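# Descriptive analysis of the structure
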Amino acid sequence: MSLIAISRNKIKTIRDKIKICVKNGDVANVSLLLSELESELNIFESLYSLPKEI
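Figured I'd write up the structure that's included with this text. Predicted, not measured: the structure shown is a model, and the values here were computed from it.

This part covers the packing of aromatic side chains. The description of an aromatic ring pair rests on the distance of the ring centres and on the angle between the ring planes. The tally for this structure, following the rule as stated, stands at 1 aromatic pair. A ring pair is formed by Phe 44 and Tyr 48, whose centres lie 5.8 Å apart and whose planes are at 20 degrees; its orientation type is stacked. In this pair, Phe 44 and Tyr 48 are both assigned in helix H2 (residues 27-49), 4 residues apart and thus about one turn of the helix distant.

Dropping the structure here:
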């Protein structure tokens, strides 16, 4: 699995966790997960911006 695919899966997992926490009213964890999501999105953006190998 490529690094981009791994990062995409992490983003999906974090988003799912955020949805569950919002549903349960767990504001503290939502805040932490949003920080984690922002970090993973930056990683994904960096990976996606790398020059593609042929």
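Turning our eyes to something else, we now look at the pattern of salt bridges. Evaluation of the coordinates by the stated rule reveals 1 salt bridge. With its nearest N and O atoms 3.1 Å apart, the salt bridge here joins Asp 16 to Lys 12. Of this pair, Asp 16 and Lys 12 both sit in helix H1 (residues 3-24), 4 residues apart, which is roughly one turn of the helix.

The grouping of Met 1, Leu 3 and Ile 6 at the surface amounts to a nonpolar patch, some 360 Å² of accessible area in total. Structurally, Leu 3 is set in helix H1. Relative accessible area serves as the criterion here: at 60%, Leu 3 is assigned to the exposed category.

The rules behind the values
- Residues numbered from 1 in each chain as written.
- Predicted model: local features only at pLDDT ≥ 70, side-chain atom pairs only at ≥ 80, totals over all residues.
- Heavy atoms only, no water.
- Phe/Tyr/Trp six-rings, centres within 6.5 Å; stacked < 30°, edge-to-face > 60°.
- Helix = DSSP H or I, 4+ residues; strand = E, 2+ residues; numbered from the N terminus.
- Salt bridge = Lys/Arg side-chain N within 4 Å of Asp/Glu carboxyl O.
- Patch = residues over 30% accessible without salt bridge, like charges linked within 9 Å, V, L, I, M, F, W, Y side chains within 5 Å.
- Areas by Shrake-Rupley, 256 points an atom, 1.4 Å probe, with all protein chains shown as cover.
- Buried < 20%, exposed > 50% of the residue type's maximum accessible area, 1.4 Å probe, protein only.

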